[in-house]
Amino acid sequence: MREYRAVSVLWAVLTIVWCILNIVCFVQPQWIGDTEESVGYGHMGVYAYCYPDSANTRYICSGSFTDFDTILNGPFKATTFFCGVAALLMLITVAALMLFFCFKKTAVFIFCGILELVCAIFMFLACVIYPAGWGQKEVYDLCGNNAGEYRIGECGVRWAYILAILGIFDAFVLALLAFFLASKRAKIDVYSTTGTVTKSELNGYDSLSKKSIPIQPQVVAVPNTVPVVDTDRYSEYSRHSEKPRSRGGFQL
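Scoring rules and cut-offs
Here the residue index of a chain counts from 1 through its sequence in written order. Only residues with pLDDT of at least 70 are given local features in this predicted model, and only at 80 or more are side-chain atom pairs given and counted; all residues enter the totals for whole chains, interfaces and linings. For side-chain calculations, the full set of non-hydrogen atoms in the structure is used, while hydrogens and water are omitted. Runs of H or I in DSSP of at least four residues are treated as helices and runs of E of at least two as strands, each being numbered from the N terminus. Using a 1.4 Å probe on the protein chains alone, a residue whose accessible area is under 20% of its type maximum counts as buried, one over 50% counts as exposed, and one in between counts as partly exposed. Contacts are residue-level and defined by heavy atoms, with any inter-residue pair within 4.5 Å sufficient. Calculation of accessible area relied on Shrake-Rupley with a 1.4 Å probe; when residues are assessed, cover is drawn exclusively from the protein chains displayed. Of the two site types, the cavity is a set of points on a 1 Å grid over the protein atoms alone where a 1.4 Å probe fits but cannot get out, and the pocket is an open set with protein on both sides within 12 Å along at least five of seven lines, each lined by residues with an atom within 4 Å of a point. Grid points are joined across faces, edges and corners, and a volume is the space filled by probe spheres set on the points. Charged residues are taken to be Asp, Glu, Lys and Arg, nonpolar residues to be Ala, Val, Leu, Ile, Met, Phe, Trp, Tyr, Cys and Pro, and polar residues to be all remaining types, Gly included. Multiplying one less than the number of residues by 1.5 Å gives the expected span of a helix. Here a Phe, Tyr or Trp ring, Trp counted by its six-membered ring, pairs with any other such ring whose centre lies within 6.5 Å, and the pair is stacked when the planes are under 30 degrees apart, edge-to-face when over 60, and tilted otherwise.

### Let's talk about the overall build of the chain
Here is step 1: Counting its regular elements, the chain contains seven helices and five strands.
Here is step 2: N-terminal to C-terminal, the α/β element order of the chain is α-β-β-β-β-α-α-α-β-α-α-α.
Here is step 3: For the chain, the residues scored as buried account for 35% of the 252 residues in total.
Here is step 4: Look at the contacts in the chain between residues 6 or more apart in sequence, and 64% of them connect residues 24 or more apart.
Here is step 5: Taken as a whole, the chain presents about 16600 Å² of accessible surface, with 64% of it coming from carbon and sulfur.

### Observations regarding the layout of surface pockets
Here is step 1: Each pocket or cavity is described by its volume, and for the second largest pocket that value is around 350 Å³.
Here is step 2: Secondary structure elements with two or more residues in the lining of the second largest pocket: α1 (2-27) and α3 (105-129).
Here is step 3: Top contributing element to the lining of the second largest pocket by residue count: α1, with seven residues.
Here is step 4: Looking at the lining of the second largest pocket residue by residue, the class counts come to twelve nonpolar, one polar and three charged.

### Points about α1
Within an α-helix, residues lying three or four positions from one another point in the same direction, as the helix has 3.6 residues per turn.
Here is step 1: In a regular helix each residue adds 1.5 Å, so 26 residues correspond to 38 Å; α1 covers 38 Å between its end C-alpha atoms and thus fits that length.
Here is step 2: For α1, the complete set of buried residues consists of Tyr4, Ser8, Trp11, Ala12, Thr15, Trp18, Cys19, Asn22, Cys25 and Phe26.

### Concerning the packing of aromatic side chains
Here is step 1: Applying the stated rule across the entire model yields 14 aromatic pairs.
Here is step 2: Their ring planes at 90° and their centres at 6.1 Å tell us that Tyr130 and Trp134 sit as a pair that is edge-to-face. Neither residue differs from the other here; Tyr130 and Trp134 are each classed as buried.

Structure follows, in structure tokens:
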């Protein structure tokens, strides 16, 4: 039970951490960017495109996830949708952790596991669809004419894109761990309601009892019963030990 609680706490902490990282992947325009060999300067995210402003010596970003018309092309719009929904599902998963105080833990684990599994699928779709939008004019200006669909040209992959790819495996592992904890919790509920004790729990109790409780001899009370006499043997003995008597009633 102690190991089960430790794994459950670890799963909850990792879920919160991945929720924060998923939101960071969504809002940060650092999926691809310029390198030393690129012809332009700037970087791109799932919906935002940032380019330098020489007058103010800073980057200006355009594009918003609240207005799909400002996003460059269709693949970037699809990536924005899938990545944004994945971040929303992780927020719901973190909020669902409060349900452990109200509902059965098995049902909450299954619910959170389903949300994390869908999040992993959506992040996979976002990472696969995103390179299809590299055939845009703004990408050519940044990465050169060698850029195209699934060809990054002279640009490089930034940390947000790598973090999103790692997040696919993270969300998938968290979903499997949630289903595993749900199955273990169901067994614990069965044991607590039926009173069934497993062999390991019994061994642990025996070892604990042998160390902490001294073994004392037990006195068994034997019931005071009348012994049963074997009538056959008694009759045989009586025939051999019986003395002959006279017909008149006098003994010889």
